[in-house]
Amino acid sequence: MSSLLKEVGLVGEESSPTRISVKSKHPLPVGTYIYLKYEVRDPVTGGVSEREVVGLVGATQFKSLIQVVSGRPTPVEDYPELLELKRESVMNAILIADVTDRKAPKPPEYPPPPETRVYLALPKHLSIVYSQDPGESIRVGALVGHGEVEVRVNVNSLVKHLLVTGVTGSGKSNFIAILADRVASLGGCVVVFDTHGEYRIESEAPGVVEVLPYEASINLVKTPIGLLSSFIVPEPGATKQRRILRNALRDLNKGIEERAVKKGLPLSEAVIELYRELHKERSSFMSVGETDGLRAYRDLLKERVRGAYKEQEDRASGRALSRAARGRSSRDDKAIESVIDKIDDFFEWHRVSLDMPRVSEYIAPRRIIDVDVSGFTDSEQDWMLKVIAEDILWALKERGGGIVPTLLVIEEAHIFLNEGRSTVSKEAIQRFVREGRKFGAMLAIVSQRPRTLDAAIVSQVQNFAFFKLVQSTDRSKVIEFSDILSEEYADLMPSFPPGHAILVGEWVGRFTVYAHIDKHVGKRLGASPRVIDAWRKALERSVEDARKSFEKSSLIEL
Ligand SMILES: Nc1ncnc2c1ncn2[C@@H]1O[C@H](COP(=O)(O)OP(=O)(O)OP(=O)(O)O)[C@@H](O)[C@H]1O
Ligand SMILES: [Mg+2]
């Protein structure tokens, strides 16, 4: 078998159990798996044993052994053997595992002696390191440079949560698509908090896995009044408008909730009943029968905003309005009209609801629930994330074995789980990660900015997928997060192509993996648009239009 081994260099001057320098004529690509075999002498017994280890090439450089000068004192091109002597490649390599015992690979303990031969690793060495129980794991890709060696992750470990990070375009969403689809095909349920609306994917296993779009919406009665009024009137300076709206909302929602509870009605029916009652004498003014709950709510709210103003005015003025109050009232009028406009805008541009079922009601085996929140602002998304995380955790706690363990994926997590900013969802997510593992609530945090993530949340995470990371602050942060990842691995990250990732943590076992993630075939979005094609097409169209209008005008002239 050893005849298949290809020698690629020698161990250089430096060698430790986990790190060596390698010297060779030509540099190897970063991320190449290597294999070494060497003898170790026990200083106590004097006995000699043979060790075999597997490693990964890290930083590489080419170095000239003689001084390089700008002129060419020796025309070495004429002497190829001299050219070979003139330079060498120096590489660092990380030693990953001692595979001497085929059944029980372990972290390397002995440094290979300088001048030990370094070979390219063979699939048979690598599959010792990266074997997983197929009954408990899913495939996510293959080892870089070794398409035949599968990379699998253990799904039971996902209760210890997951962090997926990498710069934009590095392959995070593709990875989530692969993970979600394959977790679902095993019988799991995945809820994706989809900030870019990119997960309405076709499953790799159509007919087995169902991708269910869930239209996220703002519940008009259940959202706290303070938040809802800041969604409708978001401008920080518009405190008066918000106050008017808050009073109207409080009044209206109280009435609706009381009625719904008393009569056991869905909220929308309670709204319609309320509307009908208030408008019975003015039924010709509006066709009440056709009014659905949301239209009724919008009209009632606008009426409350106007009414609230009247009461305020009456109270303020007693019987007659003072001049000062008159001056104030025209400003109030303006504020009220602004609020009315903003209510109309809000209803036009936002998905709102009264009776929308909760996400947890859709949790089922073999299902990906795509919660599309791409149409909402950051603060609205923040609120929705809180609602969804609390709902899923509650459902898993309350209904116990009644629903399947569920993975919640949060895209753009740095917006919601930011170290330096307080958000409404943060506390809910903290509870989700803390209590989740007991009840099968699993979290996957996806972010391109690990340095800004909330440490309290990430410290609970024990599985990691690191894609390309360039900034050194991001790289030192992920070393800190993962505990076991060494600087050598972090140094590889700036050069990863899309889809290459380092996987660490319980889900891959004891040994760090450098993987090429499978490409999801049904993934719809994510590719950068080819701008140049769009420009060319637009240009062609405008030339064509100009030609047509020229022909038309020539005809008219004739
Ligand atoms: N495993 C892969 N194999 C091959 N190509 C890939 C792989 N993963 C991603 N890509 C390519 O990279 C592009 C970007 O991937 P993706 O949308 O997953 O990146 P991202 O990290 O989610 O980016 P963003 O932060 O902007 O959302 C994809 O359209 C695809 O062409
Ligand atoms: Mg993405």
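The structure displayed is predicted, hence computed values, not measured ones. (Residues numbered from 1 in each chain as written. Chains lettered and ligands numbered in written order. Predicted model: local features only at pLDDT ≥ 70, side-chain atom pairs only at ≥ 80, totals over all residues.)

Asker: What is the right way to look at the overall build of the protein chain in this model?
Answerer: Across its full length, the protein chain carries 15 helices and 19 strands. A buried classification covers 40% of the 558 residues belonging to the protein chain. Taking all contacts inside the protein chain whose residues are at least 6 apart in sequence as the whole, residues at least 24 apart take part in 74%. (Helix = DSSP H or I, 4+ residues; strand = E, 2+ residues; numbered from the N terminus. Buried ≥ 20, exposed ≤ 12 C-beta atoms within 10 Å, placed from the backbone. Contact = placed C-beta atoms within 7 Å.)

Asker: Help me understand the confidence of the model for the protein chain in this model?
Answerer: Atomic detail in the predicted coordinates should be set aside for any region of low pLDDT. Taken residue by residue, the protein chain gives an average pLDDT of 87. The fraction at 70 or more is 87%. Segment residues 284-290 is flagged for pLDDT under 50; beyond a separation of four residues in sequence, or across chains, it makes 6 contacts in the model. (pLDDT = per-residue confidence, 0-100.)

Asker: Whenever I open this one, the nonpolar core confuses me. Can you help?
Answerer: Soluble globular proteins tend to pack their nonpolar side chains together in the buried interior. Counting 117 residues, the largest nonpolar core has Val409 and Leu503 as the members making the most contacts within it. Here this core spans two domains, and each of domain 1 (2-129) and domain 2 (137-217 + 356-517) adds at least three residues to it. Each residue touching Val409, except ones within four places of it in the same chain, is listed here: Ile176, Ala180, Val190, Val192, Phe193, Ala444 and Val446. Core analysis: the next-biggest nonpolar cluster, separate from the first, contains 28 residues, Ile232, Ala260, Val271 and Ala296 among them. (Core = buried A, V, L, I, M, F, W, Y, C linked by C-beta atoms within 7 Å. Domains from an automatic or database assignment.)

Asker: Is there a simple way to think about the environment of Pro450 in this case?
Answerer: Mapped onto the fold, Pro450 is located in the loop between strand S16 (441-447) and helix H12 (455-458). Spatially, the C-alpha atoms of Pro450 and Ala413 are 9.2 Å apart, while their sequence positions differ by 37 residues. Contact partners of Pro450, with chain neighbours within four places excluded, come to Thr165, Asp474, Lys477, Val478 and Phe481.

Asker: Please explain the sheet that holds strand S7 (residues 137-143) as it appears in this structure.
Answerer: Strand pairing in a sheet is mediated by backbone hydrogen bonds. Such pairs are either parallel or antiparallel. Pairing within the open sheet is mixed, and its 11 strands lie in the order S8-S7-S19-S18-S17-S9-S16-S15-S10-S14-S11. Strand pairing shows two members of the sheet lacking a second neighbour, strand S8 (146-154) and strand S11 (210-215), which therefore form its edges. On average, each strand axis in the sheet is tilted by 30° relative to the strand beside it, whichever way the strands run. Relative to strand S19 (residues 513-517), S7 runs antiparallel, the two sharing 3 bridges. Residue pairing across strands places Gly141 opposite Ile517, the latter belonging to S19. (Pairing = 2+ DSSP bridges. Axes fitted to C-alpha atoms, helices over the stretch in contact; angles between N-to-C directions.)

Asker: Just to check I follow, could you spell out the pairing of strand S9 (residues 162-165) for this structure?
Answerer: On a regular strand, each side chain points to the face opposite its neighbour's, so the side chains alternate between the two faces of the sheet. On S9, burial covers both faces: Leu162 and Val164 on one face and Leu163 and Thr165 on the other are all buried. Pairing geometry for S9 and S16, over 4 bridges, is parallel. Each bridged residue has a counterpart across the sheet, and for Thr165 the counterpart in S16 is Ser447. As defined by bridge partners, S9 adjoins strand S17 (residues 463-466) across 4 bridges and the pair is classed as parallel. Its bridge partner being in S17, Thr165 is matched across the sheet by Phe466.

Asker: Help me out: how do you make sense of helix H9 (residues 378-398) in this one?
Answerer: Counting along an α-helix, one turn takes 3.6 residues, and residues three or four places apart therefore face a common direction. Along its 21 residues, H9 runs 30 Å from first to last C-alpha, staying within 8% of the 30 Å computed at 1.5 Å per residue. Phi turns positive one or two residues past the end of H9, at Gly400, with a value near 40°. (Expected span 1.5 Å × (residues − 1).)

Asker: Can you help me understand the sheet that holds strand S1 (residues 7-15) in this one?
Answerer: Read around the closed barrel, the 6 strands follow the order S1-S2-S5-S4-S3-S6; overall the barrel is antiparallel. Taken over all neighbouring pairs, the strand axes of this sheet differ in orientation by 40° on average, direction set aside. With 3 bridges joining them, S1 and strand S6 (residues 117-120) adopt antiparallel strand pairing. In the sheet register, Leu10 faces S6, and the bridge partner there is Arg117.

Asker: What is the right way to read the environment of Val359 from this model?
Answerer: Of note, Val359 is situated in the loop between strand S13 (352-353) and strand S14 (367-372). Note: C-alpha distance between Val359 and Tyr214 (145 residues apart in sequence) is 7.6 Å. Residues within four places of Val359 in sequence aside, it is in contact with Val191, Tyr214, Ile369, Val371, Ile388, Asp391 and Ile392.

Asker: How should I be thinking about the packing of helix H5 (residues 239-263) against helix H6 (residues 267-278) in this particular structure?
Answerer: When two helices pack together, their arrangement is captured by the angle between the axes and the distance separating the axes. Put simply, H5 and H6 touch, their axes get as near as 9 Å, and they point 115° apart. Here H6 runs roughly perpendicular to H5, going by the angle between their axes. Remark: the crossing between H5 and H6 carries right-handed chirality. Packed against H5, whose contacting residues are Gly255, Ile256, Arg259 and Ala260, the element H6 presents Leu267, Ala270, Val271, Glu273 and Leu274 at the interface. Its residues assigned to classes, the contact of H5 with H6 comprises 6 nonpolar, 1 polar and 2 charged. (Parallel < 35°, antiparallel > 145°, perpendicular 65-115°, else oblique. Left-handed = near helix turned anticlockwise from the far one by under 90°. Nonpolar A, V, L, I, M, F, W, Y, C, P; charged D, E, K, R; others polar.)

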